[in-house]
Each structure stands twice: as C-alpha cells, then as structure tokens.
Protein chains: 2
Amino acid sequence: MPTSDPDGSATDLLEALAAAVAGRVLTDPASTEAYRRDQCLVADAGRPLAVVRAAGVDDVVAVLRLADEHRVPVVTRGAGSGLAGAANAVDDGLVLDVSGLDALSVDPVARTATVGPGVVNLDLDTAARAHGLFYAPDPGSRAYSSIGGNLATNAGGMCCAKYGVTADHALALTVVLPGGEVVRTGRTTRKDVVGLDLTRLLVGSEGTLGVVVEATVRLLPVPARTATAVLTFRDAAAAVDAVLAIGTVTTPSAVELMDATTVRAVNAMTRMGLDETPTLLVQCDGSDAAAEIAAVAALAQRHGALEVLHSDDEEEGRALMEARRVALTALERQGTVLLDDVCVPVHRLPELLGAIETAARAHGVLVGTFGHAADGNLHPTIVFDPASPGAAEAARACFDAIVDAALALDGTVSGEHGVGVLKAPYVARQVGAAEQALMRRVRAAFDPHGIMNPGRGY
Amino acid sequence: MPTSDPDGSATDLLEALAAAVAGRVLTDPASTEAYRRDQCLVADAGRPLAVVRAAGVDDVVAVLRLADEHRVPVVTRGAGSGLAGAANAVDDGLVLDVSGLDALSVDPVARTATVGPGVVNLDLDTAARAHGLFYAPDPGSRAYSSIGGNLATNAGGMCCAKYGVTADHALALTVVLPGGEVVRTGRTTRKDVVGLDLTRLLVGSEGTLGVVVEATVRLLPVPARTATAVLTFRDAAAAVDAVLAIGTVTTPSAVELMDATTVRAVNAMTRMGLDETPTLLVQCDGSDAAAEIAAVAALAQRHGALEVLHSDDEEEGRALMEARRVALTALERQGTVLLDDVCVPVHRLPELLGAIETAARAHGVLVGTFGHAADGNLHPTIVFDPASPGAAEAARACFDAIVDAALALDGTVSGEHGVGVLKAPYVARQVGAAEQALMRRVRAAFDPHGIMNPGRGY
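As the structure is a computational prediction, the values presented were derived from the model and not from experiment.

**Side note on the overall build of chain A**
So, point 1. If you tally the helices and strands in chain A, you get 16 helices and 19 strands.
So, point 2. The globule rule puts the C-alpha radius of gyration for 458 residues at 23 Å, and the 23 Å found for chain A is close to it.
So, point 3. The principal-axis extent of the C-alpha atoms belonging to chain A is close to 70 × 60 × 45 Å.
So, point 4. Here chain A holds 458 residues, and 60% of them are scored as buried.
So, point 5. The long-range share in chain A, meaning contacts at least 24 apart out of those at least 6 apart in sequence, stands at 71%.
So, point 6. Accessible surface for chain A amounts to roughly 16500 Å². Of this, 50% is attributable to carbon and sulfur atoms.

Written out as structure tokens, the structure is:
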C-alpha cells in the first residue's frame, strides 16, 4: 500500500496492475530499493510506488495503459548501467523493468539482428560473430549494458570514429506509446524517405517518448584484420594535432586518448609501466589494417610522437588497448568519481583540454581525462574524497566549469551518456528556449499526459 | 488579384506580402507558371496565388508569418529538380522560392561548410575540394539540385554505399517554422545526445515541418586514390550475388547496377559498345583503392562474372562510370519515362529484379533498371510513348506493381527521391495507421495550422 494516497488512486492503480501483470509487481521497499538508481551515484533518485518486471510486450502495454489512465510517471529501466540517472526512479511513479525482454535472433543473410531491449550488447555481438558478423556500437559498458539503454542514450563507444553511434545501426523499432498503443518505426532497408524518421527521433530520447520493446539492428561483416598503435606525446595538444593529421589519411576504428593523470592511475592499478604522458591508442581494421597502422605510426612520428609502438597481431592489439579499457576503473580506485561526457568539434580539443586543466587547478581537484579523440568526445573524470570537507562541492564546481567550457567551444553537454537527471540543469545552456519548447511539443505528440520520465532530458 | 477571393483574404495576404517582401512577389500567371512544377512531370501541380522569391531569412520569416496568419499553404522550392512533385504548387497557395539563399562558406579547420538552401550541391563540393575536402552526398542531380532539396528528400547518390545519405552529413540547421519563429537544431560535434534529434527529423521531411534557411554540413578529406571496376554477368541475380560477396571484404564508394535494357539504351545513345548484359560498376577509394578493386575483381570472377575490367587510373575510372551517369538520359531518349525509386534489403534484390521483369511483361512496357545495388536502391524506369493509346495507363499500372513488389519484399516506396505528390497514395501501404497518425501529431507540433506542403508526404 502506498504511504500517502488520499484519494485512493494509487491503490486503484496497484490493484489494476496486480490484475494485469500478476506476480511481476514489486511494492515492498526492500525489493524496490535495487531499482531506484542507475550507476550515476550523484543524481537524485525517488521512491517508486511499484516496480513492474515485464515478461513480455503485453506487460509493457498494460503498464503504459494503466499509468497513462492514472497519470502516474513511468521510468523505463534495463540493465541500470546508465551514467546520468535517466533510469532513476521518480517518487510515487512506476519503474518498468524491461530486462526480461531478452529475445535475440540473428538473420545472417539480411545481416540484421532482432532483439528485445533487455539483450546485453556483448551478447548481441557474440551471437553475430558466430555468423562472421559483428554489432559495431561498443560502449564501455558493453559487457553489461543492454540494447534498450544503448538506444535510449544513443550510446557510442570506441567504434564511433569509423562506425558511428547506436542510431547509425538501429533500423527498425517496435515501441509502446503511453496509453499502450504499439507502433513500428523504420525499415530494414539501407535507405528510406517515406514519412518522418521516427526511429532516429526515438534513439537518444532517454525514455521520454515511449518504450522500445523490439529493435532490428544492422550487423556488419567482421573485418579481416585489426592493427593497433600506441603513441605517446609531450602534451595533449600534440596528441590532438596527430589525431587531426591521422584523419586526413585514414579512418581508424578507434582513436582513444588518455591524459597523463589517467595513465598514472592505470599504472598504479596494473603495473603496466606505461610512460606517464598523454597517450593515443589507435586501431585500424580491414584487409589493409597493417599498412594503415604503419602509416598512422609514421604520421604520428612526423607530428612529434615521443614513442611509437604498433602491431598487427590481434592479441597484442587487445593487450595494448587494455590500458584504455581499465581507465575508468583505475581512476575509481583513487576516490569517488564524477564522470563527465562532453564533446566538442575535434579541432577544439586542445582548448577543451586546457580548460579542463584550468578548472582542475581552480577547484583543487584531480581530473583524469580519457575518451574518444576522433569524435571530440572526452570523459573528464573528477576524482574526490567525499569524506573531505568541501570536496564534493569542489568536484561539482569543476564539473560545472568543464561543461561551460565545452559549450563555449561549440560543444555539447553530453556526447554519449545522455542528459538524464545529472545534466538536466545544463540543457538550457545548450538548447534555446524556442528549441526546447519545440522538443516539448514533439514530446507531447507522443506523450500528451507527460508520464514518461518526467523532469528528465529536455 | 486572385481570381476567386470572396472574402478578400487573399487580397489582404497579397497586400501584406507586397509590403513585407517588396519587389519579390510574383502573381502574374505568366511569371508564376515556371514555379508550378518540379521535374516529376506525371504529378499534379496547382496554380499558386503567388510566388515569393526570398532574398534572405527575413523574407522567409515574413512569408511563414503571413501565410500562417492567413492559413494559406506554402510550398518551398529550391532548384525545382525534385522527382516526386514535392515542390509542385498548391492551388491558391504560396510558392516560396529559396534558391536566392545561396551563401556558402567553408571552414577547412572544422571540416564543415555552412550553406544556404539555394547552394547547388556541386558548387558546395567544388568549394570544399579547394581545401582538400569533399561533400559526400552525390545525387544524380548534383550539378543542378540544391542543398535545400537534398535535405528535404534526404538525397542519396552513388556515395551512399560507403558514405551514407544526406542526413549523415547534416550537422546543424537553422529553420523557420510556420508562424515565423526561427530555431536552430543540431550541433557541429560528431556526437550529441542532448534533447531530441530535430535535425534528423527535419531531413527527409519534404517541406512539411519548416523551411531550412541555413545548414552546416560535414566535409571529409578527399580520398588519396580511386579505382574502378566494370563487371558483367549472365543475369542480374548473379550480379547481386557478387554485390553481397563484395560487401564482406570491402566497402566500395560506389556499387552501381545497370540491367541489359539500360545498357542497350546507353549503347544506342553513346556507341560505347558495352556488352548488353547486367553490369556492375564498382569504385573503391582510399590509400588502398587499387588493391581493393583488384580484390573486388577477383571475387567477381569467382562469382561468375563474364567480363572483368579494372583500373586505378582516375580518368579511366571516370570514363568507366560514364555509362551509369548517362543511364537515365539514355532511357529518356527512348520515350517518356516514369522513374521509380524503390529500395529493398540488399539480399532481396534478385526477387525485386524478377518482379520488375514480371511487371514489365504483364503490362507490356519497357523497363530499364539501374541503381545503387549496395543499398538495395533501384530506379526501375518505365519507358512509354504517351501518344500510344493506353500506354500511360500501362506504365502507371507497371509502376504500381513494382511498388507493391518492393513492399512485399520488406522494402520501401522511396529510397531517396521522397514521397511528394507522386507517391502519397502509396504511403498507407507502407506506414500503418497508428504510425501515420503519430507522424501527423509530430507534424502538427511544428505546423499546427497545417500550412506546410499540405497533402504531401505522409
């Protein structure tokens, strides 16, 4: 029973839910506690009226029909691996857990996969690889994040330099709208200009328009070869200069940057013994990967690289990329982290890196920066000790300064993590009033009663 | 003066327009006649109340403010090279000609260009090439079609196999909404998940949401080399089999198919003396283009190619591609053409090609088919003699049968030309009632009074 329910409407809703989705409604706070938050620990989370663990599309339809009738907020949740609080519960709302919608089928002839939102990214990729295909979008969370959340945040990863973001691989969606109507968007063709591109509109909408219950995604043939280079530089500006030069001769499948602070953290955790200086990790793939990586290495040398190491051995490549893969974990060992996700035009990265250093100094906090250099998408990671007086405030002030710096460089508040709760206060700094009003009118076209993830996003 | 204007509202609008956009309003039918149609000769076109030749953003704002106040339809028009009648005039509406908004600037450091909608695609590309960059989207009309129309139809071209469609290169838009409000969408960063992706929503919306008055597009470094192959096959199914195989080893920058009828038409016009059998034209680009095209040729041979010719000479490559470039012109020499634009999943191309042949035989018409094989996007072109009794009806019936065949193969009614007037009757065969209603609610969020290109699109 809800604690405050003067008109009994919450009780009515819970009874209707219990009838429609028997056995899959949790209301006991001890059970719902685990569904209150995603991985963004610094964002507020409410106390939900109930959690519904959907077992199929019918459950999603029932929840969205009843919630709409009762005007009760719905927060959709998959693996709970989000980094902006978009899946955090709303007080007295419902949490709709779609992790149980995990059907997965691969069509190797069409080179597509059709998946439920609860399918884990890596499981999709593994299933594709059994057919010589792969699923390109590779967020750092791919071992545990699910496709529903990847779609909700238009997740990126290392692959984007060459393969683009999740939206570039989402072909068709089945979506339940508030009220319970089921619509299908998109087409499995490579081109389609019939009507509005609702698929693209839904991807990245962070649960504000409807609930994806099935997605058909594009798979690509696994590249014949992969080759990898590690390049170190005197300073981050020199590294970015090399990134820009590399982009004129080839399109690597990954161009990852780690600053000296991040490398130091990795060394402290792994004893990898890396040079503690700004480092680029570059991968090329395809039949010509070895020649491409050699060209990258040569170019880097001409652009002032201190050390250049490259290999066309797959295993060695994986080992070289490992430093980047553990970067966040290594920084998390140093304290509580506040992970940012700003993105600027690539040629403005040196200015952003400078602004990050300035902000770190001004607020007396440690910031380790790593990220997807070829996309201009960095994850400045503020490390602080929450027990130290004023440290949390200093961290937040530094975070704020970094976001403002990105905006001043024509950048965006979020490249791939989404707005959620964490960045909702910053949206108005990036999106004008007229544009936000337009977005909200579009939102209302999907969700007239405003029940989907209210207060989040835009 | 409008011919029928019982309540004088049209007269009021014309007076207000004349005051706001002095000297750029045409009402004389002799002058407006040239603005009634795009290049789709078989679609209906109305008689406009007036044509406004906008000289700047203020003119567009004035037109959309006044038209919205008076509830008068607005059809936006650029170069008038559309192939679906989307820019055809509406009776008693306004035609808004934005071809005069043709400012163009290239930012070589950011690798972007900012253009007015009236800038011709090829002019943009030429300006980019002066900086070692290029603008990838290359519709067949690129020598005369303008960016506004390219955006409105999400135009494709030969490049899409590797580089995607117009939407993949449109970063940010400035758009005037019905009522005259100006909004800016998108970001020049490579990633952005802040709010809804209004840029993607606007691209391909065929003038139904607003008027793009400025676009910032992505430019890419010009590839170091291009190499070209001509491959002939016993039948179209064998050619498609080769296309699928090629896609597993490389991503060519063009994979164009011509059927025997098209090749015959090209021979008749040019005396190129090509083998009159299904033919693929493949281009690869990048530093490894020569090796890639050699691999393509070898693979084609293993997949039953009859003749294989390849070259890594740029000039020779251009000459080899010429046959494809003149295909439509060559077919137009044989009679009046009804050009289709269907797109299916690539592996279903053999079935589509079979259905096209069946339809041609059933309706006793000549169909030459060419198009973008790697995208599954074909342009079956029905050639008929309008003076011959029943020929126009047979052509339309064949067109209808081809569209239905594409839909039965999970295809789309239009891959890159758009719906416009020509294909509006087919939309309901592809898009469900709930989905169309949703699109219209989104449309109303932009255009509450329904003045933008009414009756067109979806």
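**Considering the sheet that holds strand β8 (residues 170-176) of chain A**
Residue and element names in this part refer to chain A.
So, point 1. Pairing in this open sheet of 5 strands is antiparallel, and the strands run β5-β6-β10-β8-β9 from one edge to the other. A single partner strand is all that each edge strand has here, and the edge strands are β5 (104-107) and β9 (182-186). Adjacent strand axes in the sheet meet at a mean angle of 15 degrees, parallel and antiparallel pairs treated alike.
So, point 2. As judged from the 4 bridges shared by β5 and strand β6 (residues 112-115), these two strands associate in the antiparallel manner. Counterpart to Asp-107 in the pairing with β6 is Thr-112.
So, point 3. Of the strands in this sheet, β5, β6 and β10 (211-218) are in contact with helix α4 (residues 121-129), which crosses β5 at around 35 degrees.

**What to know about the UniProt feature "domain: FAD-binding PCMH-type" (unreviewed entry) in chain A**
So, point 1. Residues given the UniProt feature "domain: FAD-binding PCMH-type" (unreviewed entry) here are residues 44-222 of chain A.
So, point 2. As a span, residues 44-222 of chain A carries 21% helix and 25% strand, and end to end its C-alpha atoms are 41 Å apart.

**Details of the domain arrangement of chain A**
So, point 1. Per the domain assignment, the segments of chain A are domain 1 (9-97), domain 2 (104-221), domain 3 (223-330) and domain 4 (335-452).
So, point 2. Its C-alpha centre places domain 1 of chain A at a distance of 43 Å from the equivalent point of domain 3 of chain A.

**Brief notes about the interface of chain A and chain B**
So, point 1. Facing the 73 residues of chain A at the interface are 72 residues of chain B.
So, point 2. In total, chain A and chain B occlude about 5800 Å² of area from one another, counting both sides; carbon and sulfur atoms represent 61% of this.
So, point 3. Of all residues in chain A, A:Lys191, A:Val193 and A:Leu196 bury the most surface against chain B, accounting for 16% of the area lost on that side.
So, point 4. Put simply, chain A and chain B have 8 salt bridges between them.
So, point 5. Across the pair B:Asp375 and A:Lys191 runs a salt bridge, and its minimum N-O distance is 3.2 Å.
So, point 6. In this structure, the connection of chain A to chain B is made through 26 residue pairs in polar contact (both at pLDDT 80 or more).
So, point 7. Among the secondary structure elements, those contributing two or more residues to the side of chain A that touches chain B are α6 (160-163), β9, α7 (198-202), α8 (236-249), α15 (427-430) and α16 (433-446) of chain A.
So, point 8. Per element, the largest residue contribution to the side of chain A that touches chain B is 9 residues, and it comes from α16(A).
So, point 9. For the side of chain A that touches chain B, a count of residues per class yields 33 nonpolar, 22 polar and 18 charged.

**What to know about the relation of the copies chain A and chain B**
So, point 1. For the pair chain A and chain B, the relating rotation is 180 degrees, the translation along its axis is 0.0 Å, and the fit reaches an RMSD of 0.0 Å. Such values leave the two copies arranged in the relation of a two-fold axis. Distance from the rotation axis, computed per C-alpha, reaches its smallest value in chain A at A:Val442: 2.7 Å.
So, point 2. Both copies present the same face, since 99% of the interface residues in chain A are matched by interface residues at the equivalent positions in chain B.

**With respect to the nonpolar core**
So, point 1. Ranked by size, the top nonpolar core spans 198 residues in total, and within it A:Leu280, A:Phe446, B:Leu280 and B:Phe446 carry the most contacts.
So, point 2. Apart from the residues within four sequence positions on either side, A:Leu280 is in contact with A:Ala229, A:Val230, A:Leu231, A:Phe233, A:Ala239, A:Ala242, A:Val243, A:Val255, A:Glu256, A:Leu257 and A:Ala373.

**Overview of the environment of A:Val421**
Residue and element names in this part refer to chain A.
So, point 1. Among the secondary structure elements, Val-421 is positioned in the loop between α14 (391-408) and α15.
So, point 2. Among the residues examined, Val-421 registers a relative accessible area of 21% and is labelled partly exposed.
So, point 3. Val-421 sits 376 residues away from Ala-45 along the chain, and the two C-alpha atoms are 8.7 Å apart.

**Quick word on helix α1 (residues 9-20) of chain B**
Residues and elements named next belong to chain B.
So, point 1. For α1, built from 12 residues, the straight-helix expectation of 16 Å at 1.5 Å per residue is met to within 8% by its first-to-last C-alpha distance of 16 Å.
So, point 2. Every buried residue belonging to α1 is among Ala-10, Thr-11, Leu-13, Leu-14 and Leu-17, and all of these are buried. Seen from one end, α1 has its buried residues packed into an arc of 160 degrees, which puts them on one side. Exposed residues pointing more than 90 degrees away from the buried face of α1 are listed as Glu-15 and Ala-19.
So, point 3. Along its buried surface, α1 packs onto β1 (25-26), β2 (50-53), α3 (57-70) and β4 (94-97).

**Comments concerning unusual backbone geometry**
Residues and elements named next belong to chain B.
So, point 1. With a phi angle near 55 degrees, Arg-271 is a residue other than glycine that sits in the positive phi range.
So, point 2. Arg-271 gets classed as exposed once you look at its relative accessible area, which sits at 77%.
So, point 3. Phi is positive for Asn-453, close to 50 degrees, though the residue is something other than glycine.
So, point 4. Counting through the fold element by element, Asn-453 comes out in the segment after α16 (433-446).
So, point 5. By relative accessible area, Asn-453 is classed as buried at 2%.

**A look at helix α14 (residues 391-408) of chain B**
Three or four residues apart is the spacing at which side chains of an α-helix point the same way, because the helix has 3.6 residues per turn.
Residues and elements named next belong to chain B.
So, point 1. Here α14 contains 18 residues, and its C-alpha end-to-end distance of 26 Å stays within 8% of the 26 Å for a straight helix at 1.5 Å per residue.
So, point 2. All buried positions along α14 are accounted for by Ala-391, Ala-394, Ala-395, Cys-398, Phe-399, Ile-402, Val-403, Ala-405, Ala-406 and Leu-407.
So, point 3. In this structure, the buried residues of α14 make contact with β16 (336-339), β17 (342-343), α13 (349-363), β18 (366-372), β19 (377-384) and α15 (427-430).
So, point 4. Phi turns positive, to about 65 degrees, at Asp-410, one or two residues after α14.

**Concerning the pattern of salt bridges**
So, point 1. This structure, assessed with the given rule, holds 44 salt bridges over all chains.
So, point 2. Residue A:Asp125 pairs with A:Arg129 through a salt bridge whose shortest N-O separation is 2.8 Å. One end of the pair, A:Asp125, and the other, A:Arg129, are both in helix α4, 4 residues apart, so they sit about a helical turn from each other.
So, point 3. A:Asp125 sits in the buried class, given a relative accessible area of 4%.
So, point 4. Residue B:Asp168 pairs with B:Arg200 through a salt bridge whose shortest N-O separation is 2.7 Å. Of this pair, B:Asp168 sits in the loop between α6 (160-163) and β8 (170-176) while B:Arg200 is found in helix α7 (residues 198-202), placing the two residues 32 residues apart along the sequence.
So, point 5. Residues participating in the shared-partner salt-bridge network are A:Asp168, A:Arg200, B:Asp168 and B:Arg200.

**Looking at the sheet that holds strand β6 (residues 112-115) of chain B**
All names here are of chain B.
So, point 1. The sheet built from 5 strands is open, its strands ordered β5-β6-β10-β8-β9 with antiparallel pairing. Of all the strands in the sheet, just β5 (104-107) and β9 (182-186) have a single pairing partner and so form its edges. Looking at each pair of strands side by side, their axes are set apart by 15 degrees on average, direction ignored.
So, point 2. Of the strands in this sheet, β5, β6 and β10 (211-218) are in contact with helix α4 (residues 121-129), which crosses β5 at around 35 degrees.

**Some thoughts on the pairing of β8(A)**
Residues and elements named next belong to chain A.
So, point 1. Burial analysis of β8 places 7 of its 7 residues in the buried class, which makes it a mostly covered element.
So, point 2. Alignment of β8 against β10, held across 6 bridges, turns out to be antiparallel. The residue bridging Thr-174 from the neighbouring strand is Glu-214, located in β10.
So, point 3. Two strands pair when backbone bridges link them, and β8 and β9 are joined in this way by 5 bridges, in the antiparallel orientation. When the bridges of β9 are listed, Ala-172 appears paired with Gly-186.

About the criteria used
Counting restarts for each chain, with residues numbered from 1 along the sequence as it is written. Whichever chain is written first becomes A and whichever ligand is written first becomes 1, with later ones labelled in order. Only residues with pLDDT of 70 or above have their local features reported here, since the model is predicted, and side-chain atom pairs are shown and tallied only from 80 upward, although totals for entire chains, interfaces and linings are computed over all residues. As a convention, hydrogens and water are excluded, and side-chain values are obtained from all of the structure's heavy atoms. Secondary structure elements follow DSSP: runs of H or I no shorter than four residues count as helices, runs of E no shorter than two count as strands, and numbering proceeds from the N terminus. Atoms counted for the radius of gyration: C-alpha only. Globule rule: 2.2 Å times the number of residues to the power 0.38. Type-normalised accessible area, obtained with a 1.4 Å probe on protein chains alone, sets the label of each residue: buried when under 20%, exposed when over 50%, and partly exposed for intermediate values. Any two residues having at least one pair of non-hydrogen atoms within 4.5 Å are treated as being in contact. Residue-level accessible areas treat just the shown protein chains as cover; the underlying method is Shrake-Rupley with a 1.4 Å probe. At least two DSSP bridges between two strands are needed for those strands to be called paired. Axes here mean lines fitted to C-alpha atoms, for a helix over just the part in contact, with angles spanning 0 to 180 degrees between N-to-C directions. UniProt positions are given in the numbering used here, feature names are shortened, and annotations may be inferred rather than shown by experiment. Here the bounds of each domain stem from an automatic or database domain assignment. The quantity reported as buried area is the accessible area (1.4 Å probe) lost by two parts once they are put together, taken as the sum for both. Any Lys or Arg side-chain nitrogen located within 4 Å of an Asp or Glu carboxyl oxygen qualifies as a salt bridge. Here a polar contact is recorded for every N or O atom pair within 3.5 Å, except that within protein the pair must consist of a potential hydrogen donor and a potential acceptor, and residues adjacent in sequence are included only if both atoms are side-chain atoms. Charged means Asp, Glu, Lys or Arg here, nonpolar means Ala, Val, Leu, Ile, Met, Phe, Trp, Tyr, Cys or Pro, and polar covers whatever is left, Gly included. The fit set for superposing copies consists of C-alpha atoms from residues with pLDDT of at least 70 in both; the fit itself is least squares. Working definition of a nonpolar core: buried Ala, Val, Leu, Ile, Met, Phe, Trp, Tyr and Cys residues. They are joined through side-chain atoms within 4.5 Å. Here the expected span of a helix is defined as 1.5 Å times the quantity of residues minus one. Arc definition: it is the arc formed by the directions from the helix axis to the C-beta atoms.

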